[in-house]
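Listed here are the chains, written in short residue letters.
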Amino acid sequence: MPSKNKFYVTTPIYYVTAKPHLGSLYSTLIADVLARWHKLKGEKIFFLTGTDEHGQKVAQAAQQASKDPKAFVDSFIPAYQDAWKTYEIDYTKFIRTTDPAHIMGAQHFVRHLLATGDIYKDSYSGWYCTPCETFITPKEMEKDEVQPLCISCTRTTTKVAEETYFFKLSAYQDKLLKFYADNPNFIMPKERLHEIISFVESGLKDLSISRTTVKWGIPFPDDAEHILYVWIDALSNYITGVGYGNSGDEENFNFWWPADVQVLGKDIIRFHGVYWIAFLMAAGLPLPKQMLVHGWIKVNEQKMSKSLGNVVDPMVLQTTYGVDPVRYYLMRYIPINQDGDFSIESLERAIEKDLANDLGNLLNRMLILAEKNNMYTIRHSVVWEQSAINLRDECLNMLTEVLNHMEDCMFHMALARIWKFIHQVNVYFHENEPWKLAQTNPKLFEQVLSATCHSLRTIGILLSPIMPEKMAALLMSLGVSIDQHKNILQELVQNDWHHTFVLLKTAALFHKPETEKKMEQPEIAEKQKEQEQQTYITIEDLIKVELVVGTIEQCERVEQSDKLLKMQIDLGDKGKRQILAGIRQSYAPEELIGRQGLFVINLKPRKMAGLESQGMMLIAKDATGKTQLMSPAQLVPNGTRLQ
Ligand code: MSP
């Protein structure tokens, strides 16, 4: 348990050369889940995230976009903040390295290091990888290599020769090794620690911490020719974000620092596990308690990258699948200690099987049965039947294992264990046949519902850091409220099933991805899309599609779906049609009534959520992922065919 009943968690800060992708979401989501988990223990939380805005990589990207670097980075901030808001990322502070308070704090940090005598001026000549913002050390180069490739990203490096300030990293080799030996849990998962140890054991060279050939950065204290090397600037955000170097904020800093967990991807482990720790040692500041290192999300076994055109946009993903299902999928199916492959098929399978069938149906069946029998208040039993006692014991076994997995940050294992229990609850419910007991043995009927409610209560609380919104709905339907100031996990472990539940029937929690709403090609493969676009169709193919202008006369929500709207379309001389579209998250029905749209009217009618759709409405997604209705620029008679 961290001291002071506080929990300070950080994410890496993201380079702002593009909007966030699934990998950025993954790092941030891990920190959010941890923060929410510790909140369940009644701890005070500080969750820091933000953006890394200086350096050569950003400056080059801005130049390519013909923009001033500050205007360039500013243009991406809303995309980050919107994405985090959409994905329920409950951060305490969003730091930008262009914030004046950070600039002041970072300079203060370097001044501090200068004062300890760990910095000296010399010249550097070697190779630099701009995408990784990293100096390539001679031991990372092949012998006699003419132009080395970056060992991390394998891209070509560029030659740099400039005057620079060096940090005496070599002086910290033994101290670092001793620190790792004394703190074997410092890096999680443990396998990653060996990587760091062997890097340090192979010998540390002093590290360049300033640049003169790059101008976009924080001025080096008292030497305007130099700017801070972007990594020392960026790493110091973890302390400046809680007040370091800003007078008046010392108390805040002393309360929160050191961080309890710093989340990062495996590609930046050396910067954090070696350089950052050595800087802090030099400055005499406390060291972070733990680093949680995650693997990479890959798409079709390949790293996501702009050049490969396989970047997944989380904002697009959530419009089809919803936020919590994506959160669940990432935490369950991308194991933190390995690289994991993302695919739409496995996401859909997870939603259909785990969420809709296993969990959603269990809750639904129980609520429907209770309602059918006018049971809205479910009391706990005084004497439990053996099958309920067994279930309660299983609940405790599950809890004990889940708490251990969560403490080890093995989220995928915790979730797999919770699902094993969900299966057990399903079996219990099914085998006890409460629908029969309702007629024959009302007392036992109530007991079966109560045991199911107790199990669902535990499940709902444990899953709330992963799926905050859906689990709030689940708990609400059981009449459960959580006291934020108490250690609810401790209460759960007591496992005394003594609660009364007041049931409230709610809309189904999860929906199976509807065939017609499944993503054809999410933004996964822009390249692939390009190729597809080059597969031409003939004019005969085109005229087969009857595209017609129509006016939306009526529009209403479809109860069984949280995505669909049902519309009556006036198609002039072509009559009227009922058309369904999955645009409920973008439009309220009233907004659409009276508007003209474009419709395919010779598409084979098909059923969606039990209702027939007699055509298809044309839509497009804007840059934020919001659906936009396609309409003629001027009013056109209904029934006009597009040509
Ligand atoms: N700006 C530095 C971090 C400075 S922290 C003081 C940086 N930024 S980044 O935008 O390139 O990466 C930020 C985080 O996103 C890293 O933890 C990285 O591992 C993570 N991811 C980027 N792409 C990823 C995947 N495809 N999969 C999982 N996470 C990956 O490095």
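Residues numbered from 1 in each chain as written. Predicted model: local features only at pLDDT ≥ 70, side-chain atom pairs only at ≥ 80, totals over all residues. Heavy atoms only, no water.

A. Fine view of the overall build of the protein. Within the protein one finds 22 helices and 28 strands. By its C-alpha atoms, the protein is 85 × 75 × 50 Å across when sized along the principal axes. Of all intrachain contacts in the protein linking residues separated by at least 6 positions in sequence, the fraction that spans at least 24 positions is 76%. Total accessible area on the protein is roughly 28300 Å²; 52% of this is exposed by carbon and sulfur atoms. The averaged location of the 78 negative side-chain charges in the protein is 3 Å from the averaged location of its 69 positive side-chain charges. (Helix = DSSP H or I, 4+ residues; strand = E, 2+ residues; numbered from the N terminus. Contact = heavy atoms within 4.5 Å. Areas by Shrake-Rupley, 256 points an atom, 1.4 Å probe, with all protein chains shown as cover. Lys, Arg positive; Asp, Glu negative; His and termini not counted. Charge placed at Lys NZ, Arg CZ, Asp CG, Glu CD.)

B. Region of interest: the pattern of salt bridges. Counted according to the given criterion, the structure contains 29 salt bridges. Of the charged contacts in the structure, one is a salt bridge between Lys6 and Asp260, with a shortest N-O distance of 2.8 Å. Linking Lys6 in strand 1 (residues 6–10) with Asp260 in the loop between helix 9 (250–256) and strand 13 (261–265), this pair joins segments that are 254 residues apart in sequence. There is no split in this pair, since Lys6 and Asp260 are both buried. Arg211 serves as the salt-bridge partner of Glu162, at 2.7 Å between the closest nitrogen and oxygen. Of this pair, Glu162 sits in strand 7 (residues 158–167) while Arg211 sits in strand 10 (residues 210–211), and the two are 49 residues apart along the sequence. (Salt bridge = Lys/Arg side-chain N within 4 Å of Asp/Glu carboxyl O. Buried < 20%, exposed > 50% of the residue type's maximum accessible area, 1.4 Å probe, protein only.)

C. Spatial organisation of helix 12 (residues 323–333). The buried fraction of helix 12 is high, at 10 of 11 residues. Of the positions making up helix 12, those classed as buried are Val323, Asp324, Pro325, Val326, Arg327, Tyr328, Tyr329, Leu330, Met331 and Arg332.

D. Here's a closer look at the site of the ligand. Inspection of the region around the ligand gives 22 residues, with Ile13, Asp52, Gly265, Asp267 and Ile297 positioned closest. Separating a nitrogen atom of the ligand from a side-chain N or O atom of Asp52 is a distance of 2.6 Å. Ile297 places a polar main-chain atom, nitrogen or oxygen, 2.8 Å from a nitrogen atom of the ligand. When residues of the shell around the ligand are traced back to their parent elements, those giving at least two are strand 2 (14–15), helix 1 (22–40), helix 7 (230–235) and strand 13. Partitioning the shell around the ligand into residue classes produces 13 nonpolar, seven polar and two charged. (Near = heavy atom within 4 Å. Polar contact = N/O pair within 3.5 Å; in protein donor to acceptor, adjacent residues only side chain to side chain. Nonpolar A, V, L, I, M, F, W, Y, C, P; charged D, E, K, R; others polar.)

E. How the structure looks around the sheet that holds strand 15 (residues 297–299). Across the sheet, which stays open at both edges, the three strands sit in the order 16-15-17 with mixed pairing between neighbours. The sheet is open, and its two edges are formed by strand 16 (302–303) and strand 17 (340–342), each paired on a single side. Where strand 15 and strand 17 come together, three bridges link them in parallel fashion. When the bridges of strand 17 are listed, Lys298 appears paired with Asp341. (Pairing = 2+ DSSP bridges.)

F. View of unusual backbone geometry. Here the residue pair Met188 and Pro189 is connected by a cis peptide bond, since its omega of -10 degrees sits within 30 degrees of zero. Relative to the helices and strands, Pro189 resides in the loop between strand 8 (187–188) and helix 6 (191–201). Backbone torsion omega between Trp257 and Pro258 reads 5 degrees, so that peptide bond is classified as cis. Along the polypeptide, Pro258 turns up in the loop between helix 9 and strand 13. In the Ramachandran plot, Asp222 falls in the positive-phi region, its phi being about 60 degrees despite a non-glycine side chain. By secondary structure assignment, the location of Asp222 is in the loop between strand 11 (219–220) and strand 12 (223–228). For Asp222, a relative accessible area of 72% gives the class exposed.

G. Focus on the environment of Asp313. Mapped onto the secondary structure, Asp313 falls in the loop between strand 16 and helix 11 (314–321). Each C-alpha atom of the pair Asp313 and Leu25 lies 9.5 Å from the other, and the pair is 288 residues apart in sequence.

H. Representation of helix 4 (residues 100–116) in the model. Compared with the 24 Å implied by 1.5 Å per residue over 17 residues, the 25 Å span of helix 4 between its first and last C-alpha is a close match. Of the positions making up helix 4, those classed as buried are His102, Gly105, Ala106, Gln107, Phe109, Val110 and Leu113. Once helix 4 finishes, Gly117 follows within two positions and takes phi at roughly 85 degrees, a positive value. (Expected span 1.5 Å × (residues − 1).)

I. Structural context of the sheet that holds strand 10. Strand order in the open sheet made by the three strands is 10-12-11, with antiparallel pairing throughout. With partners counted over all chains shown, the strands left at the sheet margins are strand 10 and strand 11, one partner each.

J. Geometry of the packing of aromatic side chains. In this structure the tally under the stated criterion is 32 aromatic pairs. A ring pair is formed by Phe271 and Tyr275, whose centres lie 5.5 Å apart and whose planes are at 85 degrees; its orientation type is edge-to-face. Here Phe271 pairs with Tyr275, and both are found in helix 10 (residues 269–283), just four residues apart, close to one helical turn. What makes Tyr275 buried here is its relative accessible area of 6%. Put simply, the rings of Tyr8, Phe46, Phe109, Tyr238, Tyr244, Phe253, Phe255, Trp256, Trp257 and Trp276 pair up and form one aromatic cluster. Above the plane of the ring of Tyr172 lies Lys175, whose end atom (NZ or CZ) is 4.5 Å from the centre. A cation sits over an aromatic face here: Lys303 above Trp296, 4.6 Å from the ring centre. (Phe/Tyr/Trp six-rings, centres within 6.5 Å; stacked < 30°, edge-to-face > 60°. Lys NZ or Arg CZ within 6 Å of the ring centre and 35° of its normal.)

K. Main features of the side chain of Asp233. With respect to the helices and strands, the residue Asp233 is situated in helix 7. No salt bridge is formed by the buried Asp233, whose closest oppositely charged neighbour, Arg96, lies at an N-O distance of 11 Å. Within the structure, Asp233 has its side chain in polar contact with the side chain of His54 (distance 2.7 Å). Apart from residues no more than four positions distant in its own chain, Asp233 is found in contact with His54, Thr97, His102, Ile218 and Leu228.

L. Region of the structure containing the packing of helix 6 against helix 10. Taken N-terminus to C-terminus, the directions of helix 6 and helix 10 make an angle of 60 degrees; their axes are 10 Å apart at the nearest point. Classed by the angle they form, the pair helix 6 and helix 10 counts as oblique. The two elements helix 6 and helix 10 meet at a crossing, and its hand is right-handed. Packed against helix 6, whose contacting residues are Arg192, Glu195, Ile196, Phe199 and Val200, the element helix 10 presents Ile269, Arg270, Gly273, Val274 and Tyr275 at the interface. Among the residues forming the contact of helix 6 with helix 10, the class breakdown is six nonpolar, one polar and three charged. (Axes fitted to C-alpha atoms, helices over the stretch in contact; angles between N-to-C directions. Parallel < 35°, antiparallel > 145°, perpendicular 65-115°, else oblique. Left-handed = near helix turned anticlockwise from the far one by under 90°.)

Just distances and angles here, no functional claims.
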